[in-house]
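For reference, the chains in residue letters:
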Amino acid sequence: MVFQINNDILPKTAPIQVTEGDIVKVRLKNTGMLNHHMHFHGHRFQVAAKNGKTLENPVVKDLLNIKPGQTYEIYFKANNAGEWLFHCHDNNHANRGMVTILDYKYVYSPFKLGEDTKNKP
């Protein structure tokens, strides 16, 4: 069993590529049968809409539980340069591929996804 983002699993998931200062819109849609607690590292986001309806009082979070059939629109400002995880906070889902990277343009990392770095936490 795998858990996907845009029909792929890590390390094949396409990164969310940003430039410092961008305002980024992300659409989160749960087409599965389980809850997914989606979490951004290094950023907070504003929840602007749920199931196609704009929220009167948008909320700011760094983790959002998306139930089966739900869709959310979130926005965040790219204001913390680096390479950050965006993943399902259920470790079983993340371990089975539900992870991608928030990737800032002009940030260099010597590591490649899937590469054996000998870094074993």
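Residues numbered from 1 in each chain as written. Predicted model: local features only at pLDDT ≥ 70, side-chain atom pairs only at ≥ 80, totals over all residues. Heavy atoms only, no water.

Describing the environment of Thr100
Then step 1. With respect to the helices and strands, Thr100 occurs in strand β9 (residues 99-104).
Then step 2. Between the C-alpha atom of Thr100 and that of Cys88, which follows or precedes it by twelve residues, the distance is 9.5 Å.
Then step 3. Excluding its chain neighbours within four sequence positions, the residues that come into contact with Thr100 are Ile5, Thr13, Ala14, Pro15, Ile16, Trp84, Leu85 and Phe86.
Then step 4. Reaching out from Thr100, the side chain makes a polar contact with the backbone oxygen of Ala14 at a distance of 2.8 Å. (Helix = DSSP H or I, 4+ residues; strand = E, 2+ residues; numbered from the N terminus. Contact = heavy atoms within 4.5 Å. Polar contact = N/O pair within 3.5 Å; in protein donor to acceptor, adjacent residues only side chain to side chain.)

Regarding the pattern of salt bridges
Side chains that differ in charge, positive against negative, can pair when their charged atoms come close.
Then step 1. Under the criterion given, the structure shown has one salt bridge.
Then step 2. Between Glu73 and Lys25 there is a salt bridge, with the nearest N and O atoms lying 3.8 Å from each other. Highlighted residues: Glu73 in strand β7 (residues 71-77) and Lys25 in strand β2 (residues 23-29), separated in sequence by 48 residues. (Salt bridge = Lys/Arg side-chain N within 4 Å of Asp/Glu carboxyl O.)

Quick word on the sheet that holds strand β3 (residues 36-40)
The strands that make up a sheet pair up through hydrogen bonds in the backbone, lying either parallel or antiparallel.
Then step 1. Strand order across the open sheet formed by five strands is β1-β9-β8-β3-β6, with mixed pairing between neighbours. Edge strands, defined here as strands with exactly one partner in the open sheet, are β1 (16-18) and β6 (63-66). For this sheet the average axis-to-axis angle between neighbouring strands, irrespective of direction, equals 15°.
Then step 2. Direction of pairing for β3 relative to β6: antiparallel, over a ladder of four bridges. Bridge pairing links His36 to Ile66 in β6. (Pairing = 2+ DSSP bridges. Axes fitted to C-alpha atoms, helices over the stretch in contact; angles between N-to-C directions.)

Quick notes on the side chain of Asp103
Then step 1. Residue position: Asp103 is located in strand β9.
Then step 2. When residues no more than four places from it in sequence are discounted, the contact partners of Asp103 are Pro15, Ile16, Gln17, Val18, Gly82 and Glu83.

Concerning the sheet that holds β7
Then step 1. One open sheet holds the four strands; their spatial order is β2-β7-β4-β5, and the pairing between them is antiparallel. Edge strands, defined here as strands with exactly one partner in the open sheet, are β2 and β5 (53-61). Ignoring strand direction, the axes of neighbouring strands in this sheet form an average angle of 25°.
Then step 2. In terms of strand pairing, β2 meets β7 through seven bridges, oriented antiparallel. Residue Lys29 lies in a different strand from β7, and its bridge partner there is Thr71.

Quick notes on the environment of Thr13
Then step 1. Note on placement: Thr13 falls in the segment before β1.
Then step 2. Aside from chain neighbours lying at most four places away, what touches Thr13 is Ile5, Asp8, Gly97, Val99 and Thr100.
Then step 3. One polar contact links Thr13 to Thr100, side chain to side chain, over a distance of 3.5 Å.

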